[in-house]
Amino acid sequence: MNGRTVDVAIVGGGLVGMTAALACADRGLTVALSAATRPGSASGAAAGMLAPSTEGATAPVAAFASACRDAWPPYLDQLAGRSGRRVALNRLGILQVPADEGGAGRLRAAAGAGSDWLTPLQAAELEPGIVAPLGALLHERDGAVDNEHLLLALDEAIGATDHVASAGEARGIRLGRGTAELLLADGGTIAAGRLVVAAGAWVSQLEGLPRAIPVVPVRGQMIGFAAAPVRHVIHGPGAYVVPRPAGRTIVGATMEHAGFDAGTSPEAATRLADAAGRLAPGLAGLPVMEHWAGLRPTTPDQLPILGPDPEHGTVLYACGHSRNGILMAPLTAECIAALASGVPSPWPLEPFSVARFG
Ligand code: GLY
């Protein structure tokens, strides 16, 4: 690709970069997709939760987060058509289990549109695999997507379009008057009409950005069991529990400021396993079969940075999704592809502007 000119160069080959590449290709744009293999990349490490309710996507972005969640079923239908892969989507709802009476009172008071308070008996009837002696709040439309399978499906869909070319690892960008170039780690360059910055937790390491981007890695350790005692995603004290296909259950996650270290610790695995066993007794005492960590790209307010740079319109940010990268990827991609085509974003992006950080 070195020396070529494309409509859009995307830095970041994770979920956000891949969905953005496909959305741009669907608008007829030529795309260079720059990917690097990095331990701890969040797209594969995540639990795939689609959880505006429990993952902090509240005002002022609650409507966007709900729209993101509801975009998943049609997105996966379309992806199945182009990749031949039907990616599993769990939309049974997320059961939020309180830690104590105070928490139960708060959850009961929060019940409303889209969420239902369940008594202990109702919770046990709906999900016999959990312990919820104080009741639980059911977030009816939330759930999880199998993000590992999703990445394979996206890879195949991208491979099937001749609009997206792989560009290798980027080290930075170079901006001139109305010009933009992607600088590759091997010394090559690619000129682009628009540069999309979707480099996950590593965004601040890119050279040549017009401003400092306040995204830091926050490590989340995860564990996996070869058992499937629950059907719903469960969010409770100290852990969330996510059923996966093929009799597997994954449990997350820690929140650790450990720089770019994607290592794991036995203490964290024990804490997560204990919390999971208290929520879902079918997991108690089972051997932990898998243990890994991902690096969330986290902003100070936990909201993503989406949209153009205020001074260099050729640069489009699609980063800092914090705890909601999987949830927000398809709608992020739609917004970015619209802007890259020179038309307004289908969703107002002011709350997500990088300008909010001054
Ligand atoms: N969205 C789940 C997490 O960040 O741990």
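Just so you know, these numbers come straight off a predicted model, no measurement behind them.

(A) Seen up close, the overall build of the chain. A count of helices and strands for the chain gives eight helices and 19 strands. Expected size for 358 residues packed as a compact globule is a radius of gyration near 21 Å; at 20 Å, the chain falls within 12% of this value. With the C-alpha coordinates aligned to their principal axes, the bounding extent of the chain is approximately 65 × 40 × 40 Å. Counting the 358 residues in the chain, one finds 53% classified as buried. Sequence separation of at least 24 residues holds for 72% of the intrachain contacts in the chain that already meet a minimum separation of 6. Accessible area for the chain stands at about 14,200 Å²; split by element, carbon and sulfur atoms hold 54% of it. Charge separation in the chain, taken as the distance between the mean sites of 25 positive and 31 negative side-chain charges, equals 2 Å.

(B) Fine view of helix α8 (residues 325-340). A bend of about 35° at L331 is the largest found in α8. Along α8, 14 of the 16 residues are buried, which leaves the element largely enclosed by surrounding structure. G342 occupies a position one or two residues after α8 and carries a positive phi of about 85°.

(C) Quick look at the site of the ligand. The full set of residues close to the ligand is E55, Y240, A253, R296 and R323. Measuring from a nitrogen atom of the ligand, one finds a side-chain N or O atom of E55 at 2.9 Å. Here a nitrogen atom of the ligand sits 2.8 Å away from a polar atom, N or O, in the main chain of R323. Here the ligand loses 87% of its free accessible area of 190 Å² to cover by the protein chains. Looking at the shell around the ligand residue by residue, the class counts come to two nonpolar, no polar and three charged.

(D) Spatial organisation of the environment of A198. Inspection of the secondary structure puts A198 in the loop between β12 (189-197) and β13 (216-225). The exposure class of A198 is buried, given its relative accessible area of 8%. In the structure, A198 is positioned 184 residues away from G14 in sequence and 7.9 Å away in space, judged by C-alpha atoms. In contact with A198, not counting residues within four places along its chain, are I10, V11, G12, V16, G17 and A318.

(E) Representation of the nonpolar core within the structure. Ranked by size, the top nonpolar core spans 52 residues in total, and within it V8, I10, W72, L79, L150, L154 and V196 carry the most contacts. Within the residue set of this core, elements represented by two or more residues are β1 (5-11), α1 (15-26), β2 (31-34), α3 (62-83), α6 (147-159), β19 (315-319) and α8. Among the elements that make up this core, the one with the highest residue count is α8 (eleven residues). In this view, V8 contacts C24, L29, T30, V31, A32, A192, R194, V196 and A340; residues no more than four positions away in its chain are not counted. One finds V6, L184, I305 and C319 within the second-largest nonpolar core, a separate group that totals 25 residues.

(F) Structural context of the pairing of β2. Burial along β2 is two-sided: the face carrying V31 and L33 and the face carrying A32 and S34 are both buried. Direction of pairing for β1 relative to β2: parallel, over a ladder of four bridges. When the bridges of β2 are listed, V11 appears paired with S34. For the segment spanning β1, α1 and β2, crossover handedness is right-handed. Relative to strand β9 (residues 164-166), β2 runs parallel, the two being bridged by three bridges. Its bridge partner lying in β9, A32 is registered against A165.

Scoring rules and cut-offs
- Residues numbered from 1 in each chain as written.
- Predicted model: local features only at pLDDT ≥ 70, side-chain atom pairs only at ≥ 80, totals over all residues.
- Heavy atoms only, no water.
- Helix = DSSP H or I, 4+ residues; strand = E, 2+ residues; numbered from the N terminus.
- Rg over C-alpha atoms; globule rule 2.2 N^0.38 Å.
- Buried < 20%, exposed > 50% of the residue type's maximum accessible area, 1.4 Å probe, protein only.
- Contact = heavy atoms within 4.5 Å.
- Areas by Shrake-Rupley, 256 points an atom, 1.4 Å probe, with all protein chains shown as cover.
- Lys, Arg positive; Asp, Glu negative; His and termini not counted.
- Charge placed at Lys NZ, Arg CZ, Asp CG, Glu CD.
- Bend = angle between axes of the 7 residues up to and from the residue.
- Near = heavy atom within 4 Å.
- Polar contact = N/O pair within 3.5 Å; in protein donor to acceptor, adjacent residues only side chain to side chain.
- Nonpolar A, V, L, I, M, F, W, Y, C, P; charged D, E, K, R; others polar.
- Core = buried A, V, L, I, M, F, W, Y, C linked by side-chain atoms within 4.5 Å.
- Pairing = 2+ DSSP bridges.
- Right-handed = clockwise from strand over helix to strand, strands pointing away.

Don't take any of this as a statement about function, it's just geometry.
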